[in-house]
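Architecture and fold: a report
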Amino acid sequence: MPSPDHNPAFPATQPGAAPAALRAPVRVIAVASGKGGVGKTSVSVNLALALQNGGQRTLLLDTDLGLANVDVMLGLSPRFTLADVFAGRCELRDTLLEGPGGMWIVPAASGKRHMTELLPQQHVGLVHAFSQLDVPIDTMIVDNAAGIADGVLTFCQAAQDVIVVVCDEPASVTDAYALIKVLSRDRGVSRVQILANQVQHSAEGRQLFDKLQRVTSKFLDVTLNYLGAIPRDEWLRRAVQRQEAVVDAFPSAPAAAAFRDIARRAGQWQSPQGPRGHVEFFMERLIDQPARSAAA
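Residue positions are given per chain, counted from 1 along the sequence in the order it is written. Given that this is a predicted model, residues contribute local features only at a pLDDT of at least 70 and side-chain atom pairs are listed and counted only at 80 or more, while totals for whole chains, interfaces and linings are drawn from all residues. For the side-chain quantities, the full set of heavy atoms in the structure was used; hydrogens and water were omitted.

**Considering the overall build of the protein**
Elements are defined by DSSP. Helices are runs of H or I of four residues or more, strands are runs of E of two residues or more, and each kind is numbered from the N terminus. The number of helices and strands found in the protein is 11 helices and 8 strands. Across the protein, the fraction of contacts at a sequence separation of at least 24, relative to all contacts at a separation of at least 6, is 79%. Only the protein chains shown count as covering a residue, and every accessible area follows the Shrake-Rupley method with a 1.4 Å probe. When the accessible surface of the protein is summed, it comes to about 12600 Å², and 50% of that surface belongs to carbon and sulfur atoms. Pairs of residues are marked as contacts when any of their non-hydrogen atoms sit within 4.5 Å.

**A word on helix α4 (residues 120-129)**
Think of it in three bands: residues with accessible area under 20% of the maximum for their type are buried, residues over 50% are exposed, and the middle band is partly exposed, with areas taken using a 1.4 Å probe on protein chains only. Those residues of α4 lying buried are Q122, H123, G125, L126, V127 and A129. On its buried face, α4 is in contact with α3 (82-86) and α5 (150-157).

**Focus: the packing of α4 against α5**
The axes are straight lines fitted to the C-alpha atoms, using for helices just the contacting stretch, and the angles between their N-to-C directions are given from 0 to 180°. For the pair α4 and α5, the least separation of the axes is 9 Å and the interaxial angle reads 30°. In terms of axis orientation, α4 runs roughly parallel to α5. When the axes of α4 and α5 are compared, the crossing they make is right-handed. Residue-level contacts link P120, H123, V124, L126 and V127 of α4 to D150, G151, T154 and F155 of α5. For the contact of α4 with α5, a count of residues per class yields 5 nonpolar, 3 polar and 1 charged. Each angle receives one of four descriptions, namely roughly parallel if under 35 degrees, roughly antiparallel if over 145, roughly perpendicular if within 65 to 115, and oblique otherwise. Crossings are assigned a handedness: left-handed for a near helix turned anticlockwise from the far helix by less than a right angle, right-handed for a clockwise turn. Only Asp, Glu, Lys and Arg are considered charged, only Ala, Val, Leu, Ile, Met, Phe, Trp, Tyr, Cys and Pro nonpolar, and every remaining residue, Gly among them, polar.

**Remarks on empty space enclosed by the protein**
The pocket and cavity definitions rest on a 1 Å grid over protein atoms only: a 1.4 Å probe that fits but cannot leave marks a cavity, an open set with protein on both sides within 12 Å along at least five of seven lines marks a pocket, and residues lining either have an atom within 4 Å of a point. Grid points are joined across faces, edges and corners, and a volume is the space filled by probe spheres set on the points. Applying the stated criterion across every chain, the model contains 1 cavity of 30 Å³ or more. S42, V45, N46, M73, L236, A239, V240, E244, A245 and V246 together form the lining of the largest cavity. Those elements giving two or more residues to the lining of the largest cavity turn out to be α1 (40-53) and α8 (234-241). Of the residues contributing to the lining of the largest cavity, the split by class is 7 nonpolar, 2 polar and 1 charged.

**Here we look at the confidence of the model for the protein**
Residues shown with low pLDDT carry predicted positions that ought not to be read at fine detail. In the predicted model, the protein carries a mean pLDDT of 88, and 86% of its residues have values of at least 70. When pLDDT is averaged over each helix and strand of the protein, the minimum, 57, is found for helix α11 (residues 283-295) and the maximum, 98, for helix α9 (residues 246-249). In predicted models, pLDDT denotes the confidence assigned by the predictor to each residue on a 0 to 100 scale. Segment residues 1-18 is flagged for pLDDT under 50; beyond a separation of four residues in sequence, or across chains, it makes 37 contacts in the model. In this model residues 290-296 is a low-confidence stretch, pLDDT under 50, and it forms 6 contacts with partners more than four residues away in sequence or in other chains.

**Comments concerning the sheet that holds strand β3 (residues 97-98)**
Strand pairing in a sheet relies on backbone hydrogen bonds. The paired strands run either parallel or antiparallel. A sheet is described by the order of its strands in space; here 8 strands give the open sequence β3-β4-β2-β5-β1-β6-β7-β8, paired in mixed fashion. Both outer strands of the open sheet, β3 and β8 (223-231), are each paired with one neighbouring strand and no more. Where strand β7 (residues 191-199) and β8 come together, 8 bridges link them in parallel fashion. Note that in β8 the partner of Q193 across the bridge is N225. Along the sheet, helix α6 (residues 170-187) contacts β1 (27-32), β6 (161-166), β7 and β8; its crossing angle with β6, the most-contacted strand, is approximately 160°. This element, helix α7 (residues 202-219), spans β6, β7 and β8 of the sheet and lies at about 155° to β8. A pair of strands is treated as paired once DSSP finds two or more bridges between them.

This is the structure in structure tokens:
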């Protein structure tokens, strides 16, 4: 399996190859969870589309490399996926799909076991490959696989913000803590946003956050922020069945309103001011930013 670092499908970016408007810093938000089944991909899809509908040019990257389903949730049929990129059959830009609202989607592959066995340097190579993806976007949402595999950790580390999705199940809270612990101790992630999903009432979301906050404050050097909660909503289930995002299919639904509120808060986060000294998505755009700011 070729590594993206040495794969012709990942050509190096030439300085000055793209207009400055295409190379502005991109806010990258990774969505993760300790366990599966908590609605992480639904959160990623609806958050991305809510940002797009709110005026943020958005790209949704599916990095659940072996069991991808972003394209399935939106009823899309990709010609190429990340599996084709790693096999050298296409370049990263060839995987781009235009989704609802005009947002961009980079799909991963489903049922490709070898994609779950990529080497750590291949995960890093994929991150670096985005430096040559010259598309005009403001925000990228990264939908990760569940758990603490190397790819999940690398893609979270390479983002400016990490959202950990939890629901009211003991295993969800326990596994969320395990993910936060590994991100903090092994990857230097110092701030995590907590999003409660499928809650019966707003107080339930805050209670879930408080559980995590109590244990992390005792044992970890990490700051947790409560991002909000998405209610359990029959309209969301219907939207999934229709292979649509609830924010588009049923915009007046309680879940849709909650996603718009989460997107509004995320849209107010400070844009990256420069590289942080480790693996990051769109690194060259971050390096270019101080020079542009000085010139301005």
